[in-house]
Amino acid sequence: MSIVTVQLGQCGNQIGFEVFDTLFSDSHSSQGLCSKKENEAYQASCKERFFREEENGVPIARAVLVDMEPKVINQTLSKAARSGQWKYGEHACFCQKQGSGNNWAYGYSVHGPRNEESIMNLIQKEVEKCDSLSGFFIIMSIAGGTGSGLGAFITQNLQDQYSNSLRMNQIIWPYGTGEVIVQNYNSILTLSHLYRSSDALLVHENDAVHKICAKLMNIKQISFSDINQVLAHQLGSVFQPTYSEEGSFHYRRNPLEGFKDPALYTSWLEPDTAFNVWKTQRAFNRYEKSAALVSNSQFLIRPLDMIVGKAWNMFASKAYIHQYTKFGIEEEDFLDSFTLLEQVVSSYSNI
Amino acid sequence: MTQSVVIQVGQCGNQIGCCFWDLVLREHAAVNQKGIYDEAISSFFRNVDTRVIGDGGSISKGKIRSLKARAVLIDMEEGVVNEILQGPLRDVFDSKQLITDISGSGNNWAVGHKVFGSLYQEKILEKLRKSAEHCDCLQCFFIIHSMGGGTGSGLGTFLLKVLEDEFPEVYRFVTSVYPSGEDDVITSPYNSILAMKELNEHADCVLPIDNQSLFDIISKIDLMVNSGKLGKTVKPKSLITSNAGAFKKQQRRPFDAMNNIVANLLLNLTSSARFEGSLNMDINEISMNLVPFPQLHYLVSSLTPLYTLADINVPPRRLDQMFSDAFSKDHQLIQADPKHSLYLACALMVRGNVQVSDLRRNIERLKPSLQFVSWNQEGWKTSLCSVPPVGHSHSLLALANNTCVKPTFVELRERFMRLYKKKAHLHHYLQVEGMEESCFTEAVSSLSALIQEYSQLDATKSMPVEDIPRLSVAV
């Protein structure tokens, strides 16, 4: 069961590289407490899920790289090739000359339709190289223009074209005190669209990962590279293949796994089905024991509420709206997004 | 990657432009060790095989043969452009990309705008179209001019309308040098106000510069360099006022040092679009993030550091000092004090060995002392470019959309009114065909409307930030 990764924009591509690098080095690192046979099964499973084999033995990442300007993709391709251990497919990238200018409307309404065919073809080619496709892993930021706008567009397309496959979006939540001034607009537009077309949104907040680097890892001068590596490590451990209930040497290939905190049970969910434990003996990425927690909880209310609040505040003054209407995103589109997200906030609050 | 074309108009525009090309060549020479014509260089230069006659000489890849600046040089007098064409940069400019005349505009905006505008409109269009054809993906026109004279001010702003009509998708970034109080051109207030109307209506983004501020910055630098303070020496190449040939003790022209500061501004503005970094910022992102309403597109800029000491150990304290300096009124390129005015938006463009944690630390530290408009309380746009400027380990360009531009405009209007009330020198303008008194009254109205916008924003400064009621939805 393979996963095709779509890396979008600067953030998506920079993180995507770190994820594949982590997955590769994990499958080749020490096996920890498990047996050799287990290790081999683990490696095979990992590899097949994220890489495909090339003639001269260098695995190729099952990925499509998309950006609207060339600098980051060029860097990403050369970093992968430099490692000599794995690489991206030769024709796996799609690039344009001029970026999206941090404008969601430009990413969604201009770059989307203009490049739809080319990008979907590229994805199709990658899908054809899978024996069986379990789903798509889309990496994007929600604050910028390409990852957010084009990302929303592509996710919708994937829903239309591959309705039976899973769509999991890794979204990067921007720092609270701005990387991009219109980040709140871009975020609410992205979230409202993804809400309708994505199956699962895996959220990572820049602020949170930054704190991890500072407090838990004691890094003095934290770079985006550090942040992305921590993120990749977390993602990698989420994607670890695990034992299935059938037999001990049979690795389950379902990508979604996690522990669920008993305190979060709602009244309408049976504790049995809500709490799933997936185990593996195999060590992950140089750690002998590790645990990954993926939860669907109310933790998201506060950041979501803050972003909606700030975006609403800015929207009330109509600041920057002319930049969006220029490309076909009108005030009604903003209002639709606000309405949907307020409903999400309410739903989570009422649990 | 995209390309940009620089249009330098008038004496000031061409002199600054010349400094810019000098520095950008030096920058690319330092970064591009192998002499390969890459996408970064192609943003400002064409690669040409000069042996080929006519137009077929462009080469898009491979080794650098001969670099030609993507520039159009316009002046209604020949002196300055001729000097450039005889100087060390003569081979960088394409001789076909010039428009000159001999009589000059006589410090008269009307002559520059109306007379030379109509006379040279076709020729200008032809040169611009040629430049655009040589670009794979043209993103931006950078116009450099002064506001107080006749050519830069009049013809320079005439150009804006032409660009808007002919290339509506391409950005128009204007670097405008405003006349200072002691300007020796008596009619500079007229010229500036007439030009302001054009900037209001046809520019995407304006970077106002003030000669007095540039002069003050130079005095500061001279003081540091000559005082022998701390016993450390300043790296000559790192001076923000130095030109590429700074190692030779050549006779410098009077405005060189000041022009180099402006040239550095343009260099740093485009660095994150040309070079790699962990958080890129393209030119179209500048407009997107810093212009909340179309008419409020005036950005106050500051550059730090002004020089680097020869000491290679740069502790974090020095890095933080760079951020603090960027907000001090001594470092702004116009007479303005952003700290005591209202921010609509702010961009920090960092180059060199600076990481996201340094950025965050400094934003948190400086935020409490700055006032942001109620609907953009955390309005920061940041970028990290890995390549530092030549001679520095890191640098910072801060762009602010801040109400501190207002005093400059108010003063300009006052100087204008002093002349206009007496109808002084007005006949020089009115005798030009197409000029009427209404041109003046409309121009002042346009400026007054702009000032009013800034005043209204200022009035919100002391008001408490009210929470706007949110949408209430049924679940």
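Residues numbered from 1 in each chain as written. Chains lettered and ligands numbered in written order. Predicted model: local features only at pLDDT ≥ 70, side-chain atom pairs only at ≥ 80, totals over all residues. Heavy atoms only, no water.

**Concerning the overall build of chain A**
Here is step 1: Check the secondary structure of chain A and you find 12 helices and 11 strands.
Here is step 2: Across the 351 residues of chain A, 56% fall into the buried class.
Here is step 3: Across chain A, every contact between residues at least 6 apart in sequence was considered, and the portion connecting residues at least 24 apart equals 77%.
Here is step 4: Accessible area for chain A stands at about 14800 Å²; split by element, carbon and sulfur atoms hold 49% of it. (Helix = DSSP H or I, 4+ residues; strand = E, 2+ residues; numbered from the N terminus. Buried < 20%, exposed > 50% of the residue type's maximum accessible area, 1.4 Å probe, protein only. Contact = heavy atoms within 4.5 Å. Areas by Shrake-Rupley, 256 points an atom, 1.4 Å probe, with all protein chains shown as cover.)

**Structural notes on the overall build of chain B**
Here is step 1: Across its full length, chain B holds 14 helices and 13 strands.
Here is step 2: Computed over C-alpha atoms, the radius of gyration of chain B comes to 22 Å, within 12% of the 23 Å expected from 2.2 N^0.38 for 475 residues, which places it in the range of a compact globule.
Here is step 3: For chain B, buried positions account for 60% of its 475 residues.
Here is step 4: Pairs at least 24 residues apart make up 81% of the contacts formed inside chain B by residues separated by at least 6 positions. (Rg over C-alpha atoms; globule rule 2.2 N^0.38 Å.)

**Considering the side chain of B:N259**
Residue and element names in this part refer to chain B.
Here is step 1: By secondary structure assignment, the location of N259 is in helix α8 (residues 256-274).
Here is step 2: Overall, the relative accessible area of 8% leaves N259 in the buried class.
Here is step 3: Excluding residues within four positions of it along the chain, N259 makes contact with Q15, I16 and C19.

**Quick word on the environment of B:S227**
Here is step 1: Note on placement: B:S227 falls in helix α7 (residues 211-227).
Here is step 2: The spacing of B:S227 and B:P469 is 242 residues in sequence and 58 Å in space, taken between C-alpha atoms.

**Examining the pattern of salt bridges**
Close approach of charged atoms lets side chains of opposite charge pair.
Here is step 1: This model, assessed by the stated rule, comprises 24 salt bridges over all chains.
Here is step 2: Close ionic contact of A:K47 with A:E53 constitutes a salt bridge, the shortest N to O distance being 3.8 Å.
Here is step 3: Residue A:E53 is classed as partly exposed on the basis of its relative accessible area of 49%.
Here is step 4: For the salt bridge of B:K161 with B:D165, the shortest nitrogen-to-oxygen distance reads 3.1 Å. (Salt bridge = Lys/Arg side-chain N within 4 Å of Asp/Glu carboxyl O.)

**What about helix α11 (residues 356-366) of chain B?**
Here is step 1: Extensive coverage of α11(B) is indicated by the burial of 8 of its 11 residues.
Here is step 2: Within α11(B) the residues assigned to the buried category are B:V356, B:S357, B:D358, B:L359, B:R360, B:N362, B:I363 and B:L366.

**Quick look at the interface of chain A and chain B**
Here is step 1: Facing the 53 residues of chain A at the interface are 56 residues of chain B.
Here is step 2: For the pair chain A and chain B, the summed buried surface comes to about 4400 Å²; carbon and sulfur atoms form 53% of the total.
Here is step 3: It is A:K71, A:T177 and A:I181 that lose the most area in chain A upon contact with chain B, and together they represent 15% of the buried surface on that side.
Here is step 4: Here A:K310 and B:E378 are joined by a salt bridge, their closest N and O atoms 3.0 Å apart.
Here is step 5: Our count for the contact surface shared by chain A and chain B stands at 28 residue pairs in polar contact (both at pLDDT 80 or more).
Here is step 6: Those elements that place two or more of their residues in the side of chain A that touches chain B are α1 (9-27), α3 (70-83), α8 (224-238), α10 (301-316), α11 (321-325) and α12 (331-349) of chain A.
Here is step 7: It is α10(A) that provides the largest number of residues to the side of chain A that touches chain B, a total of 8 residues.
Here is step 8: Classifying every residue of the side of chain A that touches chain B by side-chain character gives 18 nonpolar, 26 polar and 9 charged. (Buried area = accessible area lost by both parts, 1.4 Å probe. Polar contact = N/O pair within 3.5 Å; in protein donor to acceptor, adjacent residues only side chain to side chain. Nonpolar A, V, L, I, M, F, W, Y, C, P; charged D, E, K, R; others polar.)

**Quick look at the pairing of strand β7 (residues 133-141) of chain A**
All names here are of chain A.
Here is step 1: The buried fraction of β7 is high, at 8 of 9 residues.
Here is step 2: Pairing of strand β1 (residues 2-8) with β7 involves 6 bridges; the strand directions are parallel. In the strand pairing of β7, T5 is matched with F137.
Here is step 3: By the bridge criterion, 7 bridges tie β7 to strand β8 (residues 166-173) in an arrangement that is parallel. Residue I139 lies in a different strand from β8, and its bridge partner there is Q170.
Here is step 4: Viewed along the sheet, the connection from β7 through helix α5 (residues 146-161) into β8 turns out right-handed. (Pairing = 2+ DSSP bridges. Right-handed = clockwise from strand over helix to strand, strands pointing away.)

**A look at empty space enclosed by the protein**
Here is step 1: One pass over the structure, following the stated rule, counts 6 cavities of 30 Å³ or more.
Here is step 2: Taken together, 36 residues form the lining of the largest cavity, with A:Q10, A:C11, A:S141, A:G144 and B:L279 sitting closest to its centre.
Here is step 3: Listing elements by their share of the lining of the largest cavity, those giving two or more residues are α1, α3, α5 and α8 of chain A together with β12 (380-385) of chain B.
Here is step 4: Here the lining of the largest cavity takes 5 residues from α1(A), the largest share from any one element.
Here is step 5: In the lining of the largest cavity, the residues fall into 12 nonpolar, 17 polar and 7 charged. (1 Å grid on protein atoms, 1.4 Å probe; cavity = no way out; pocket = protein on both sides within 12 Å on 5 of 7 lines; lining within 4 Å. Points joined across faces, edges and corners; volume = space filled by probe spheres on them.)

**Details of the sheet that holds β1(A)**
Residue and element names in this part refer to chain A.
Here is step 1: Across the sheet, 6 strands lie side by side as β6-β4-β1-β7-β8-β9; this open sheet has parallel pairing. Sheet topology places β6 (93-95) and β9 (200-205) at the edges, where each strand pairs with a single neighbour. If you compare each strand with its neighbour and ignore which way they point, the axes differ by 15° on average.
Here is step 2: On the sheet, α8 packs against β7, β8 and β9 and is oriented at approximately 145° with respect to β9. (Axes fitted to C-alpha atoms, helices over the stretch in contact; angles between N-to-C directions.)

**What about the sheet that holds strand β4 (residues 71-75) of chain B?**
Strand pairing in a sheet takes place through backbone hydrogen bonds and is either antiparallel or parallel in direction.
Residue and element names in this part refer to chain B.
Here is step 1: Pairing in this open sheet of 6 strands is parallel, and the strands run β5-β4-β1-β6-β7-β8 from one edge to the other. Lying at the two open borders of the sheet, with one neighbouring strand each, are β5 (98-100) and β8 (205-210). Across this sheet, the average inter-strand angle for adjacent strands is 15°, counted without regard to direction.
Here is step 2: When strand β6 (residues 138-146) meets strand β7 (residues 171-178), the two strands line up parallel, connected through 7 bridges. The residue of β7 that forms the bridge with S146 is V177.
Here is step 3: Helix α6 (residues 188-202) contacts β6, β7 and β8 of the sheet and is inclined by roughly 155° relative to β7.

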